[in-house]
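The chain contents come next:
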Amino acid sequence: MQKKRTIVVVTRKLPEPIETRMMELFDARLNLDDRPLTQAELIEAAKTAEVLVPTVTDRIDSAVLSLSGPQLKLIASFGTGVDHIDLASARQRGITVTNTPGVLTEDTADMTMALILAVARRLSEGERLIRSDKWTGWGPTHMLGHRIWGKRLGIVGMGRIGTALARRAKGFGLSIHYHNRRRVLPEVEAQLEATYWESLDQMLARMDIVSVNCPHTPATYHLLSARRLKLLQRHAYVVNTARGEVIDENALTRMLVADELAGAALDVFEHEPAVNPKLLKLQNVVLLPHMGSATIEGRIDMGEKVIINIKTFVDGHRPPDRVLETMF
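The name an unreviewed UniProt entry assigns to the chain is D-glycerate dehydrogenase, from the organism Aliidongia dinghuensis. Here is the UniProt Sequence similarities (unreviewed entry) comment for the chain, exactly as written: "Belongs to the D-isomer specific 2-hydroxyacid dehydrogenase family."

With that settled, consider the packing of helix α5 (residues 105-120) against helix α7 (residues 160-171). α7 packs onto α5 with a crossing angle of 50 degrees between their chain directions and a minimal axis gap of 8 Å. In terms of axis orientation, α5 runs oblique to α7. Considering the relative orientation of α5 and α7, their crossing is right-handed. Facing T105, E106, T108, A109, D110, T112, M113 and I116 of α5, the residues of α7 in contact are R160, I161, A164, L165, R167, R168 and A169. Taken together, the residues that form the contact of α5 with α7 break down as seven nonpolar, three polar and five charged.

What follows is about the pairing of strand β9 (residues 209-212). The alternating pattern of β9 places I209 and S211 on one face and V210 and V212 on the opposite face, and all of these are buried. Inspection of the sheet shows strand β6 (residues 152-156) paired to β9 by four bridges, in the parallel sense. Bridge pairing links L153 to I209 in β9. Across four bridges, β9 lies against strand β10 (residues 237-240) in parallel orientation. Looking across to β10, one finds that V212 is bridged to N240.

Here we come to the nonpolar core. By size, the foremost hydrophobic cluster in this structure holds 29 residues, and its most contacted members are V156, L224, L229, L232, L252, L256 and L261. Elements that contribute at least two residues to this core include exactly α9 (200-204), β9, α11 (249-257) and β11 (263-266). The element contributing the most residues to this core is α11, with four residues. Among the nonpolar cores identified, the runner-up in size contains 26 residues, and V119, A169, V239 and A265 belong to it.

This brings us to the UniProt feature "domain: D-isomer specific 2-hydroxyacid dehydrogenase catalytic" (unreviewed entry) in the chain. In this structure's numbering, the residues bearing the UniProt feature "domain: D-isomer specific 2-hydroxyacid dehydrogenase catalytic" (unreviewed entry) are residues 17-323. Between the first and last C-alpha atoms of residues 17-323 the distance is 25 Å; the span itself is 37% helix and 13% strand.

Criteria and thresholds
- Residues numbered from 1 in each chain as written.
- Predicted model: local features only at pLDDT ≥ 70, side-chain atom pairs only at ≥ 80, totals over all residues.
- Heavy atoms only, no water.
- UniProt positions renumbered as here; feature names shortened; annotations may be inferred.
- Axes fitted to C-alpha atoms, helices over the stretch in contact; angles between N-to-C directions.
- Helix = DSSP H or I, 4+ residues; strand = E, 2+ residues; numbered from the N terminus.
- Parallel < 35°, antiparallel > 145°, perpendicular 65-115°, else oblique.
- Left-handed = near helix turned anticlockwise from the far one by under 90°.
- Contact = heavy atoms within 4.5 Å.
- Nonpolar A, V, L, I, M, F, W, Y, C, P; charged D, E, K, R; others polar.
- Buried < 20%, exposed > 50% of the residue type's maximum accessible area, 1.4 Å probe, protein only.
- Pairing = 2+ DSSP bridges.
- Core = buried A, V, L, I, M, F, W, Y, C linked by side-chain atoms within 4.5 Å.

Listed below in structure tokens is the structure:
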């Protein structure tokens, strides 16, 4: 008699090779329309699934988990961040949570470096000028940006992505500074010629560019608060490819409108997909739709990690990417 296959509910459309493999291995319930599920639909999924595969846009909070069925034993999240999952509630209900760390490091670091260049050299402004058909030709004082060579980059969060960004930035001649919960290994610091700041406030006050690369946790919510943003120099740029909630977006917007900062490059937003309307009107802001990790290779790698986590769990072993509350 054929063994009953595990019911796996996937909340969003995933790359075709991943969906195909899931159909081969599990009783996979796919979201072919790629429509974000409502809370009621997430609750229904949690009632039927043995394994739930959500993404960052799905809020798996206590309201959803409290109504989950006893058969739900694994949440195999498609993504690195787990701030959309109530880890405490999952633990109380005996539900294991996994994520997909490591595979998006290089893609996100690439995008962060691209945003640093884009905001400092006014790439979005130039592209919009061309498309508006208002460009009248080259001029010696036209569309002047700022050289990044020799400038100071302050990295907030020196984990995998922050370190990968530092490697790239060093190649562009930036001076590397960082603030982190823990100091990185001396050999890494030496290789990157990086300066560690125990005080985030002191680092922010001295940087030309600040890049946010830390996860969103209760401890990092509004880490760049209105008070801390005021420490930045007027010529500084703020770049965020981590989570929108790490920055007080309203305070950042007010400073940009008041010309108290040189500019910002944001791939994530505090209330996404909603974006502060005032940000949309600013020329010195580069805005992207949360696409820092959006490569075909990265998404397939993420899906393969999800499958490995599910298969390992179903086979009775500890999944390799199990998330512990203490990690975040």
